[in-house]
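Structural overview for review
For reference, the chains in residue letters:
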Amino acid sequence: MSLILGIESSCDECSASVVRYTPEHCEALSVETFSQIDLHRPYGGVVPEIASRNHLETIIPMIDAALKSAGVTMKDIDAVAVTNRPGLVGALLVGVSAAKSLAYAFGKPLVPVHHLEGHLCSIYLNSPGKPPIERNSLEYPLMTLLVSGGHSQLHAIDTAPELWTPVMLETSRIGRSRDDAAGEAFDKTAKILGLPYPGGRYIDELAKTGDATKYAFPRALPQKDTLDFSFSGLKTAVLNEAQKLENAGRLEEEKPNLCASLQQAIIDALISKMEIAVRRHRSRTLSVVGGVAANSRFRSILNERWKFWGLSSPPIFPSPEFCTDNAAMIAAAGAFRYRQGLAIQGEQLLCLNAFSSGAIAP
Ligand code: KG4
Ligand code: ZN
């Protein structure tokens, strides 16, 4: 058993969590998150300077609260895990500096975590009061679609996370977005329609009363030989349609139909590549992680389609609180790397840095 304190500050969520790792379970004992969304909303996107300043104010209260609600102190913690890439460098530095200071002061090992590896690990997390996820019963090969605000990629994963190599994020990736991420497509089209930032959940909501067949928006890259995505054409198509409707004075009444149609275009593009990927890699299990995994229509369509794809069980979605950015997934990823002996300690801590790019090794 190991207790891991996770810290996440890569973008606009300041989060701390205590996770209990055992060979069977990863249980989140606490997750405390301060979302900065309200601070960035007036600007229609994340303002890096505001993000890092706010992380400075909230990081210690989040860590204190996470330890307290888990009923532990720093003395009980076996290792600290922190996101050190990719993300806004000023925001990442706040979490990295807090983690380094805690690890140094309390003589604890520290595990630098890649934010996307955190998302991939979110499916292994048990939340308090929910039925436990038995990690050992999960069948591999696993196909994971990672769809966050900044990334859309497919990962063909062959082993349990305790056996992942340090470069698994690169070696397992079989498809990615060539331009906008799926989350970005939701956010940018929502902005065109005058919906609040971040727009994914507003589109999800409005689409429930709309007709998804009303507007024929493009599904890019239909060729079967690529598992890449492209969403920038959709954004332009929505902009053109919205302008036409605005000129005709009908934009407001058509918003639910526009939302349902554009949401369907994003979902169709994701699902067609997932099906090819699952069949090609003979996947046994499928998971969807990241903020877009919270989309209700996407979940309900996938919960029907998987039956025809040769999978052994229904798709795995993390609990909603683990879809968007949170420190529990960072602690879980940190726990797996800690078990592999990949933590740093003592003087080594001084060299740990934060990186805006995901490609640089720690
Ligand atoms: O994973 P995440 O919290 O952040 C990044 O690491 O980027 O994902 C945020 C993204 C945003 O683009 C947001 O609009 C989208 O997830 N999102 C949704 C929904 N909830 C959040 N997209 C579609 N439907 C939703 N219900
Ligand atoms: Zn994320």
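So, a few notes on the structure that sits alongside this text.

Next up on the list: the coordination of the zinc ion (ligand 2). Coordination of the zinc ion (ligand 2) by the protein is provided by His115 (NE2), His119 (NE2) and Asp325 (OD), with metal-donor distances spanning 2.0 to 2.1 Å. Every donor residue of the zinc ion (ligand 2) comes from the same chain, spaced as H-x3-H-x205-D. Here His115 pairs with His119, and both are found in helix H4 (residues 115-121), just four residues apart, close to one helical turn. Take His115 and His119: they sit in the same class, and that class is buried.

If you trace the backbone, Pro256 turns up in helix H9 (residues 251-280). Using a relative accessible area of 17% as the deciding quantity, one classes Pro256 as buried. In this view, Pro256 contacts Leu206, Ala207, Thr209 and Gly210; residues no more than four positions away in its chain are not counted.

On to the site of ligand 1, then. Taken together, 20 residues sit near ligand 1, with Gly149, Asp187, Asp204, Asn295 and Asp325 positioned nearest. One of the side-chain N or O atoms of His115 is found 3.3 Å from an oxygen atom in ligand 1. Side-chain polar atom of Asp204 to a nitrogen atom of ligand 1: 2.9 Å apart, as the coordinates give it. The fraction of the free accessible surface of ligand 1 (560 Å²) that becomes covered by protein chains is 87%. Of all elements in the fold, only H4, helix H6 (182-192) and helix H7 (200-207) reach the threshold of two or more residues within the shell around ligand 1. Of the residues in the shell around ligand 1, the class split is five nonpolar, eleven polar and four charged. Looking at which domains feed residues into the shell around ligand 1, each of domain 1 (2-137 + 320-351) and domain 2 (172-308) supplies at least three.

Moving on to the sheet that holds strand S5 (residues 110-114). Ordered by their spatial adjacency, six strands build an open sheet running S5-S4-S1-S2-S3-S6, and the pairing between neighbours is mixed. The open sheet has two free edges, formed respectively by S5 and strand S6 (125-126), since each of these has just one partner strand. Across five bridges, strand S4 (residues 79-85) lies against S5 in parallel orientation. Following the sheet pairing, Arg85 is matched in S5 by His114. Each of strand S1 (2-8), S4 and S5 touches helix H3 (residues 89-106); the most contacted strand, S4, lies at about 155° to it. Helix-sheet contacts for helix H11 (residues 327-339) involve S1, strand S2 (13-21), strand S3 (26-35), S4, S5 and S6, and the interaxial angle to S1 is about 130°.

What counts and what doesn't
Every chain is numbered on its own, with residues counted from 1 as its sequence reads. The naming scheme follows written order: chains are lettered A onward, ligands numbered 1 onward. Residue-level local features of this predicted model are given only where pLDDT is at least 70; pairs of side-chain atoms are given and counted only at 80 or more, and the full residue set underlies all totals for whole chains, interfaces and linings. Processing note: side-chain calculations cover all non-hydrogen atoms of the structure and skip hydrogens and water entirely. The donor definition counts N, O and S atoms within 2.8 Å of each metal and applies 3.2 Å to Na, K and Ca; water is not among these atoms, so some sites may look incomplete. Helix numbering and strand numbering both begin at the N terminus, where a helix is a DSSP run of H or I of at least 4 residues and a strand a DSSP run of E of at least 2. Only protein chains enter the area calculation, which uses a 1.4 Å probe; residues under 20% of their type maximum are buried, those over 50% are exposed, and those in between are partly exposed. Whether two residues are in contact is decided by their heavy atoms, any of which lying within 4.5 Å being enough. Distances are taken per atom, and a residue is near a molecule or strand as soon as one of its heavy atoms is within 4 Å of it. In protein, a polar contact means a hydrogen-donor-capable atom and an acceptor-capable atom, both N or O and within 3.5 Å, with residues adjacent in sequence counting only if both atoms are side-chain atoms; elsewhere, any N or O pair within 3.5 Å suffices. Residue exposure ignores everything except the shown protein chains as possible cover, and the areas themselves are Shrake-Rupley values with a 1.4 Å probe. Classification convention: Asp, Glu, Lys, Arg as charged; Ala, Val, Leu, Ile, Met, Phe, Trp, Tyr, Cys, Pro as nonpolar; all other residues, Gly among them, as polar. Here the limits of each domain have been adopted from an automatic or database domain assignment. In this analysis, strands are considered paired if DSSP registers two or more bridges between them. Axis lines are fitted through C-alpha atoms, for helices just across the contact stretch, and the angle between N-to-C directions can take any value from 0 to 180 degrees.

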